[in-house]
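Coordinates in review
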Amino acid sequence: MRRLADALEQGPVAHGFGVDQRWTLARVSDLIAGMFRTRYTLRGTANIMYRLGWSVQMPKHRAVERDEAAIVTWRREAWPAGKR
């Protein structure tokens, strides 16, 4: 478990998974198969990740053009006016 935890801390790029900096269950399963010659199902991999203290996280997708100042102004001025 310690070897796997150390490998996960290095990140996906260190193990040849491209520039995307996210561990997926499929990637972790492939990493385990490569390191320990044992193949786990995705559910089994999720259980291992849980035992290591890792949790499921969903990345936030936001538009590149998003204007936070305009959103704050809209929430403060236009939205209350529309609620009346």
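Refer to the structure printed above.
Starting from 1, residues in each chain are numbered consecutively following that chain's sequence as written. In keeping with the model being predicted, local features are shown solely for residues with a pLDDT of at least 70 and side-chain atom pairs are shown and tallied solely at 80 or more, while totals for entire chains, interfaces and linings include all residues. Hydrogens are left out, water is left out, and the side-chain values use all remaining heavy atoms of the structure.

1. Some points on the overall build of the protein
Elements are defined by DSSP. Helices are runs of H or I of four residues or more, strands are runs of E of two residues or more, and each kind is numbered from the N terminus. Of regular secondary structure, the protein possesses four helices and zero strands. For the protein, the sequential pattern of α-helices and β-strands runs α-α-α-α. In this description the radius of gyration comes from C-alpha coordinates, and the expected globular size is given by 2.2 Å times residues to the power 0.38. Taking 2.2 N^0.38 as the reference for a compact globule, 84 residues should give roughly 12 Å; the C-alpha atoms of the protein span a radius of gyration of 20 Å, well beyond that estimate. Taken along its principal axes, the extent of the C-alpha atoms in the protein is 65 × 25 × 20 Å.

2. A few points about the pattern of salt bridges
Pairing is possible between side chains of opposite charge, provided their charged atoms come close. The working definition used for a salt bridge is a side-chain nitrogen of Lys or Arg within 4 Å of a carboxyl oxygen of Asp or Glu. Across all of its chains, the model carries three salt bridges by this definition. Between Arg39 and Asp30 there is a salt bridge, with its nearest N and O atoms 2.7 Å apart. Relative accessibility under 20% of the residue-type maximum defines a buried residue, over 50% an exposed one, and the middle range a partly exposed one, all with a 1.4 Å probe and only protein chains included. On the basis of relative accessible area, Arg39 is assigned to the exposed category, the value being 56%. According to the relative accessible area criterion, Asp30 is partly exposed, its value standing at 38%.

3. Thoughts on the nonpolar core
Core analysis: the largest hydrophobic core is formed by nine residues, namely Leu4, Ala7, Leu8, Trp23, Val28, Leu31, Ile32, Ile48 and Met49. Contacts are assigned to residue pairs with any non-hydrogen atoms lying within 4.5 Å of each other. With near-sequence residues (within four places) excluded, Leu4 lies in contact with Leu31, Ile32, Met35, Phe36, Ile48 and Leu52. Among the buried residues, those of types Ala, Val, Leu, Ile, Met, Phe, Trp, Tyr and Cys that are joined through side-chain atoms within 4.5 Å form a nonpolar core.

4. Points about the side chain of Thr45
Structurally, Thr45 is set in helix 3 (residues 42-51). Given the relative accessible area of 0%, Thr45 is considered buried.

5. A few points about the environment of Asn47
Here Asn47 shows up in helix 3. Residue classification places Asn47 among the partly exposed residues on the basis of a relative accessible area of 35%.

6. Some remarks on unusual backbone geometry
Its identity as a non-glycine residue notwithstanding, Arg37 has a phi of 55 degrees, on the positive side. Given a relative accessible area of 72%, Arg37 falls into the exposed group.

7. Details of the packing of helix 2 (residues 25-36) against helix 3
Interaxial distance between helix 2 and helix 3 falls to 9 Å at its minimum, and their mutual angle equals 85 degrees. Put simply, helix 2 runs roughly perpendicular to helix 3. In this structure, helix 2 uses Leu25, Ala26, Val28, Ser29 and Ile32 to contact helix 3, whose residues at the interface are Leu42, Thr45, Ala46, Ile48 and Met49. Its residues placed into classes, the contact of helix 2 with helix 3 shows eight nonpolar, two polar and no charged. To define axes, lines are fitted to C-alpha atoms, for helices over the stretch in contact only, and angles between the resulting N-to-C directions are given on a 0 to 180 degree scale. Any angle that falls under 35 degrees is termed roughly parallel, while one over 145 is termed roughly antiparallel, one within 65 to 115 roughly perpendicular, and all others oblique. Under the grouping applied here, Gly and all other residues not named as nonpolar or charged are polar, the nonpolar ones being Ala, Val, Leu, Ile, Met, Phe, Trp, Tyr, Cys and Pro and the charged ones Asp, Glu, Lys and Arg.

In short, geometric facts, not functional conclusions.
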